[in-house]
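These are the residues of each chain, in order.
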Amino acid sequence: MKTPSFEVFMTLDWEGIQPLYQQLEDIELTEESLDLWMEGWSDLRKLVDERYARLVLATHLDTADEEKEKRFHDFLEHIYPFAQAADQCLKEKLLGSELKPKGMELVLKKMQAEADLFCEDNLPLMTEESKFGTQYSKILGAQTIQWQKEELTLVQVKSALLTTDRAVRKELWELLSQRQLEDREAINELWKKFLAVRGKLASNADFPDYRAFRWQQQLRLDYSPKESRQFIDAVKEVVVPAATRVYDRYQSRLGIDQVRPWDLMNNQTTFSLPAIQAFKTEEEFTSRVGNILDCLDPVLGGYFKFMRENDLMDLTNRKGKGPGGFCTSFATLGVPFIFMNAVGQGSDLRVLFHESGHAFHVFERVNLPYHHQWRSGLEFAEVASTAMELLAEPYLSEAQGGFMSTEDAARTRLLNLEEKLLFWPYMSVVVDFQHWVYENHSLANNPDACDGKWSELIDYYMPGINWEGYEDVKMTGWHRKLHIHKAPFYYIEYGLASLGAFQIWENAQKDRGKALQDYRQSLALGGTATLPELYNAAGANLSFDSDTLGLAVQLIEKTMAELEAQLA
């Protein structure tokens, strides 16, 4: 089957696209026709995937552009649900044939899970849910404050917070928090709409609750909600005490009597005071990251060079740009695109290395023959990104071709390790909160109940922070966690992946060449192997227990002590 070019496909409405699916429906599936049929279906999926990716990206690049938002919404309403339904028919056709294309064994298992989940009545609801996500991004993208006669985006405010003047930090943090609280009612109302849609999605598909629905939608075939809870229990046991020790040492570093929210980045993470200014221009940023990746692994360095040369990145912050950072991909070209909001600080390096790990995953998996085989579980996708942060760290100093002095490199590494350690308790807040929400759907429809639960979990997992006098800001922290609203239950992946990444990092300290080789080979498997198999291929284990997590914490604390000794 011959598919149109992507440029032509971008102009087609559903009437122009539907015949492409019909051609595949009309072909009789036999051993002889299977390979060509799969290639045609794969090519068609790539076209739809890339059109979706480019339209979403456009709305993030400029949240104020109503025409871009309209094009995305038109696609969501008039094309995407019909394409999903038609794609589902092709899945059922392949599953019904009982034919098994080579390398598709696990993919077929996932297809069956998707087929069991599919409900045509849910397609418009998913479109509605995506629109709510766009509204949420729009609310956050419009949040700015006035500071010293200048309008600052929230990203710029967070940059300004990195000052040694604690009184200024407090004033900025209060302005930031007050601006966020102004949208409290708007986000609460949007939350009720999210929950209503998600309840209907689960009910329509005959699931007992949205968590069960979402678990299968995420194709989590290798672990259960019970093991998810086992992991956050392990965090409470072995990480929370270590995290509290980090806050205690940080308190001593700053010479303060208690750690307050304005002493932390995102009310969670330690930061360097004064801030480490790593670069001034995007060219400097990308060229030095490119040098580091060349030193780490020439193949990975080559991938990054290709992205630089082909404008596959938009990295610096500006007003109206969507929040956060992510890596998407353009499936017909088989290339990634990195989006982020850099402001020149050392923390931006971590983000770019992280998203570059996702990009390398795209490059490595693209040789798999079918689009269906490309996506691994998110739990492993985040291993690709988090491991790259850790693997790149030894090259941060100017002496290694990087960005900063040996002392600042040590400070950056220390802060990155502290951030990783402090992340696990915060991750547990987010994961535990979502378990509670979807186990108590009716109660969670009341935002006040959500506020109370979030506040309780902050105290349970993150006791080292004093929120006295700012309880409203503390309890509405769930408003500002994008995943809760736009990607529910997508968060434990980061915690599991971080544990896998630390295992790869430990391997690299023993044999960097083999660790990098294992890393790349595991990425190349795409979605053709189970999560345990992918972790094993990368030289790690998928684990939920306190023993494995405890070993990682020991390694982290040992390395932090060595870095602190260097800085003494």
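Draft legend 1. Looking closely at the sheet that holds strand β4 (residues 326-330). One open sheet holds the 3 strands; their spatial order is β3-β5-β4, and the pairing between them is mixed. Two strands close off the open sheet at either side, each with one partner strand: β3 (313-316) and β4. In this sheet, neighbouring strand axes are inclined to one another by 20° on average, regardless of whether the strands run parallel or antiparallel. With respect to the sheet, helix α13 (residues 282-296) is in contact with β3 and β5 (335-342), its orientation differing from that of β3 by roughly 115°. Its contacts with the sheet put helix α14 (residues 298-309) on β3 and β5, and the angle it makes with β5 is roughly 75°.

Draft legend 2. Local environment of the packing of aromatic side chains. With the rule as written, the count across this model stands at 40 aromatic pairs. Plain terms: the ring middles of F132 and F194 are 5.8 Å apart, the flat faces sit at 80° to each other, and that makes the pair edge-to-face. Taken as a pair, F132 in helix α7 (residues 122-141) and F194 in helix α10 (residues 184-204) lie far apart in primary sequence, 62 residues in all. Taking the relative accessible area as the measure of exposure, F132 reaches 8% and is therefore buried. The class of F194 is buried, set by a relative accessible area of 0%. An aromatic cluster of at least three residues, connected via ring pairs, comprises W191, F423, Y426, F433, W436, W454, W478, Y490, Y491 and Y494. When the ring centre of W215 is taken as reference, the NZ or CZ atom of R220 above it lies at 4.3 Å.

Draft legend 3. Fine view of empty space enclosed by the protein. This structure, assessed with the given rule, holds 1 cavity of 30 Å³ or more. Considering only enclosed or pocket space, the largest cavity measures out at about 30 Å³ in volume. Around the largest cavity sit L140, Q143, Q180, I187, H479 and R480, which together line it. Along the lines of polarity and charge, the residues of the lining of the largest cavity split into 2 nonpolar, 3 polar and 1 charged.

Draft legend 4. Examining the side chain of S522 more closely. Summarising the element assignment, S522 is placed in helix α23 (residues 512-524). Residue S522 is classed as buried on the basis of its relative accessible area of 0%. Each residue touching S522, except ones within four places of it in the same chain, is listed here: F380, L534, A537 and A538.

Draft legend 5. Spotlight on the environment of I256. Mapped onto the fold, I256 is located in the loop between α12 (225-254) and α13. Here I256 falls in the buried class, since its relative accessible area comes to 13%. A C-alpha to C-alpha distance of 32 Å links I256 and E398, two positions 142 residues apart in sequence. Setting aside chain neighbours within four positions, we find I256 in contact with R166, Q251 and D263.

Draft legend 6. The arrangement of the nonpolar core in detail. Formed by 155 residues in total, the largest nonpolar core has its most connected members in F231, F285, W424 and M427. Per-element tally for this core: the top contributor is helix α17 (residues 406-439), with 17 residues. Setting aside its immediate chain neighbours within four residues, F231 contacts W424, M427, I492, G495, L496, L499, S543, F544 and L549. With 31 residues, the next largest nonpolar core counts I17, L44, L94 and L108 among its residues.

Draft legend 7. Highlighting the layout of surface pockets. In this structure, the second largest pocket occupies an estimated 180 Å³ of space. Lining the second largest pocket are Y250, R253, L254, F271, S272, L273, R411, L414, L415 and L567. Tallied by class, the residues present in the lining of the second largest pocket amount to 7 nonpolar, 1 polar and 2 charged.

Draft legend 8. Main features of the environment of D448. Relative to the helices and strands, D448 is located in helix α19 (residues 447-461). Exposure remark for D448: the relative accessible area of 56% places this residue in the exposed category. Sequence separation of D448 and K46 is 402 residues, and the distance between their C-alpha atoms is 43 Å.

Draft legend 9. Looking closely at a negative patch on the surface. On the surface, E31, E32, D35 and E39 cluster together to form a negatively charged patch. A relative accessible area of 70% places E32 in the exposed class.

Draft legend 10. Quick look at the side chain of S455. Turning to its location among the elements, S455 is positioned in helix α19. Dropping the residues within four chain positions of it, S455 is found in contact with K474 and M475.

Draft legend 11. Structural view of α14. Helix length check: α14, at 12 residues, gives a terminal C-alpha distance of 16 Å against a target of 16 Å (1.5 Å per residue), a fit within 8%. Those residues of α14 that are buried lie in contact with α13, β3, β5, α15 (346-365), α16 (378-392) and α23. By the N-cap criterion, in which a side-chain oxygen at the helix start approaches the backbone nitrogen of a residue two or three places on, α14 is capped by D297, the distance to V299 being 2.9 Å. D311 sits one or two residues past α14 and shows a positive phi near 55°.

Draft legend 12. Structural detail: the pattern of salt bridges. Under the definition given, this model contains 42 salt bridges. Measuring nitrogen to oxygen at the nearest pair gives 3.2 Å for the salt bridge that ties E379 to R220. In this pair, E379 sits in helix α16 while R220 sits in the loop between α11 (210-217) and α12, placing the two residues 159 residues apart along the sequence. Classification of R220 as buried rests on a relative accessible area of 6%. The closest approach of N and O atoms between R253 and E564, which form a salt bridge, is 3.9 Å. Here R253 is found in helix α12, whereas its partner E564 is found in helix α25 (residues 546-567), with 311 residues between them in sequence. By relative accessible area, which is 38% here, R253 ends up partly exposed. Here E564 falls in the partly exposed class, since its relative accessible area comes to 23%. Because the salt bridges share partners, they merge into one network encompassing R45, D87, K91 and E114.

Draft legend 13. Local environment of helix α9 (residues 166-181). Between its first and last C-alpha atoms α9 spans 22 Å; for 16 residues at 1.5 Å apiece the expected length is 22 Å, and the two agree. Those residues of α9 not exposed but buried are R169, L172, W173, L176, S177, R179, Q180 and L181. In the core, the buried residues of α9 are packed alongside β1 (144-147), α8 (154-160), α10, α12 and α20 (471-475). Measuring from the side-chain oxygen of the N-cap residue of α9 to the backbone nitrogen of A167 gives 3.1 Å; that N-cap residue is D165.

Draft legend 14. Local environment of unusual backbone geometry. Positive phi, normally seen in glycine, also occurs at N267, with a value near 55°. Within the secondary structure layout, N267 lies in the loop between α12 and α13. For D311, which is not glycine, the phi dihedral falls at a positive 55°. Summarising the element assignment, D311 is placed in the loop between α14 and β3.

What counts and how
Residues numbered from 1 in each chain as written. Predicted model: local features only at pLDDT ≥ 70, side-chain atom pairs only at ≥ 80, totals over all residues. Heavy atoms only, no water. Pairing = 2+ DSSP bridges. Helix = DSSP H or I, 4+ residues; strand = E, 2+ residues; numbered from the N terminus. Axes fitted to C-alpha atoms, helices over the stretch in contact; angles between N-to-C directions. Contact = heavy atoms within 4.5 Å. Phe/Tyr/Trp six-rings, centres within 6.5 Å; stacked < 30°, edge-to-face > 60°. Buried < 20%, exposed > 50% of the residue type's maximum accessible area, 1.4 Å probe, protein only. Lys NZ or Arg CZ within 6 Å of the ring centre and 35° of its normal. 1 Å grid on protein atoms, 1.4 Å probe; cavity = no way out; pocket = protein on both sides within 12 Å on 5 of 7 lines; lining within 4 Å. Points joined across faces, edges and corners; volume = space filled by probe spheres on them. Nonpolar A, V, L, I, M, F, W, Y, C, P; charged D, E, K, R; others polar. Core = buried A, V, L, I, M, F, W, Y, C linked by side-chain atoms within 4.5 Å. Patch = residues over 30% accessible without salt bridge, like charges linked within 9 Å, V, L, I, M, F, W, Y side chains within 5 Å. Areas by Shrake-Rupley, 256 points an atom, 1.4 Å probe, with all protein chains shown as cover. Salt bridge = Lys/Arg side-chain N within 4 Å of Asp/Glu carboxyl O. Lys, Arg positive; Asp, Glu negative; His and termini not counted. Charge placed at Lys NZ, Arg CZ, Asp CG, Glu CD. Expected span 1.5 Å × (residues − 1). Polar contact = N/O pair within 3.5 Å; in protein donor to acceptor, adjacent residues only side chain to side chain.

None of the figures reported here should be taken as evidence of function without further support.
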